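Here is what each chain is made of, one letter per residue.
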Amino acid sequence: MSTSGIDRRRALALAGAALIGSRSVADAQSRAASVAARPDDTAAETPRLPPAVTTHHTLELPGRILHFEATAGAILLTDEKHAPRAELAFVAFQSEGAEKAQRPVTFVFNGGPGYSSAWLNVGAVGPWRIAIGGDATAPSASPEPMPNAETWLDFTDLVFIDPAGTGYSRVLASNPDARRRLWSVEGDIDYLAEAIRRWLDRFDRNVSPKYLLGESYGGFRVPRLARELTASQGTGVSGLVMISPALDLGGHSSAFEPFDYVTRLPSMTAAARAEQGTVTRAGLADVEHYATTDYLLDLTRGENDAAAIARRSARVAEFTGLDPALVRRYHGLIENKVFLHELDRARGRVGSSYDATITRANPFPLETLSDYPDPVLDGLSAPVSSAMVAVYETRLNWRPDSSYELEDAQANRQWDWGRNVWHPPQSMRAMRTALALDPHLVVLITHGLFDLVTPYLATQLLLDQVPEAELGSRIRLSVYPGGHMFYTNDASRAALHDEAARLFGRR
């Protein structure tokens, strides 16, 4: 995966990303009709997605039974001339019998940019999930949804929104300029904030406590969305949760960025040590200290200091377990691709950038650095997509006459990252501003130990720059065993659930 210039920033931004007793309610069509009649949802053409459908569900989980309603539908967005721009598909799960004024509602986004919200829906926090860890990380794994014991419906309602071009959401062809605006850093935030406000209006939830949850590029979105909601949509946010976020999409130099190597080294070490047993962040204190001190210093000494090259090569080999001769050949500068090919080369296996401990057979073992499908991202795309279609069709009774797009590769390729190369996009400024403006706002940021796409140390170094008084004390960083989608690990998914419950309970 490239780590130079805009390609590197795009790579960092990627993520990347069962129910019981459902029944359709009789008033689904009348609800949809009344919503369609609202002035802000009218447009010059008929929406292509079907009317919203609401179903009721009972979910039996260990120690409790959840009763909730699920609504699958779409939000029509128009431009300043009231011409349709996009239809955004959403799935909303709301607890039945709860007091809306007190019940939190959380808006959920995955990343890419160009991915639907399916990963978090059927992988982590929704009422149903599929098995996506261990041997289930394969295209042929069962996509059958099952009850999710770690669903966040325990403490918040959930609204999953698919950005334009993903899932069943569509950019409307009648507006040729729509893609240019929707598929951009700023435009993406503008229209998603508008979609959140429209959903709140539509379901009478403006008085509810509101939270934002995002993974990877979705995590990048979250602080910016909080600011946009407050500034332009008249909506305050109580808390932000970010999973494996890319908070800063640019380095200081596209020619040489030492922090790329600094922040990846602890995650590489964690993956190497996982072969010997359980790994915790506390157990990585030695490599974190080395990476941010002596390693960084020796990196900045450059290629003309033989002693510095020898020192850093020896220590990197020691931490990663790679062949010292190979590390010395790379001058102690180990890229992801090299590490993932070499860590398990003896068994002819290659690893995933999203979780370096997950490996598969190398299809081209005689090549030094072969191209291969990522064991996690490519391995899980099929079951995650199939699971979402199954949920829509057999559980939610919502059947658009179009294909479901887990990923919109075109959106990713055409994404407008902005024109100011000296100041690449970042969300730290938005997060600090939101925290300063609202003394009640709380933030939870989570990472996986073995993630080489958005390594946890990169976020730690950014958070270290936030003043503790007033701001930093309301930010918590937690690091779990696992990769970019660490929730594929059962214990990590349960730990995330419990930590999020404590965050929501602080209201």
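Residues numbered from 1 in each chain as written. Predicted model: local features only at pLDDT ≥ 70, side-chain atom pairs only at ≥ 80, totals over all residues. Heavy atoms only, no water.

For the protein, the helix and strand inventory stands at 16 helices and 15 strands. The burial tally for the protein puts 58% of its 507 residues in the buried class. (Helix = DSSP H or I, 4+ residues; strand = E, 2+ residues; numbered from the N terminus. Buried < 20%, exposed > 50% of the residue type's maximum accessible area, 1.4 Å probe, protein only.)

The full count for this structure, using the stated rule, is 23 salt bridges. Taking the shortest distance from any N to any O, the salt bridge between Arg 311 and Asp 298 comes out at 2.7 Å. With Arg 311 in helix H9 (residues 306-320) and Asp 298 in helix H8 (residues 285-300), the pair connects residues that are 13 residues apart, well separated along the chain. In this structure, a network of salt bridges that share partners links the residues Arg 85, Glu 194 and Arg 198. (Salt bridge = Lys/Arg side-chain N within 4 Å of Asp/Glu carboxyl O.)

To continue, consider the environment of Glu 99. Of note, Glu 99 is situated in the loop between strand E4 (84-95) and strand E5 (105-109). Taking C-alpha positions, Glu 99 is 9.0 Å from Ser 208, a pair spaced 109 residues apart along the chain.

Now for the side chain of Thr 488. Mapped onto the secondary structure, Thr 488 falls in the loop between strand E15 (475-480) and helix H16 (490-504). Owing to a relative accessible area of 15%, Thr 488 belongs among the buried residues under this scheme. Ignoring sequence-local partners within four residues, the contact set of Thr 488 consists of Ile 132, Gly 133, Leu 380 and Arg 493. (Contact = heavy atoms within 4.5 Å.)

Quick look at the confidence of the model for the protein now. Considering every residue of the protein, the mean pLDDT works out to 89; 89% of them sit at 70 or more. Contacts for the low-pLDDT stretch residues 1-46, under 50 throughout, to residues beyond four places or in other chains number 126 contacts. (pLDDT = per-residue confidence, 0-100.)

What follows concerns the pairing of E15. When you tally the buried positions in E15, you get 5 out of 6 residues, the bulk of the element. Of the strand pairs in this sheet, strand E14 (residues 442-448) and E15 are connected by 6 bridges, and their pairing is parallel. When the sheet's bridge partners are listed, Thr 446 is paired in E15 with Ser 478. (Pairing = 2+ DSSP bridges.)

Judged by nonpolar contacts, the single largest core of 86 residues is most densely connected at Phe 107, Trp 199 and Leu 212. Among the elements that line this core, the one with the most residues is helix H5 (residues 185-202), at 9 residues. Sequence-distant contacts of Phe 107, defined by excluding residues within four places in its chain, comprise Val 159, Ile 161, Ile 196, Trp 199, Leu 200, Tyr 211, Leu 212 and Leu 213. By size, the runner-up hydrophobic cluster in this structure holds 58 residues, among which are Trp 152, Tyr 168, Leu 377 and Leu 503. (Core = buried A, V, L, I, M, F, W, Y, C linked by side-chain atoms within 4.5 Å.)

Bringing the packing of aromatic side chains into the picture now. By the definition in use, this model includes 25 aromatic pairs. Ring geometry for Tyr 168 against Tyr 392: centres 5.0 Å apart, planes inclined by 70°, an arrangement best described as edge-to-face. Here Tyr 392 lies in helix H12 (residues 377-395) and Tyr 168 lies in the loop between strand E8 (157-161) and strand E9 (170-171), a separation of 224 residues in the sequence. Comparing Tyr 168 with Tyr 392, the two get one shared label, buried. Three or more aromatic residues joined by ring pairs make a cluster, and in this case those are Phe 68, Phe 93, Trp 128 and Phe 160. Directly above the ring of Tyr 261 sits Arg 264, whose terminal nitrogen or CZ lies 5.2 Å from the centroid. (Phe/Tyr/Trp six-rings, centres within 6.5 Å; stacked < 30°, edge-to-face > 60°. Lys NZ or Arg CZ within 6 Å of the ring centre and 35° of its normal.)

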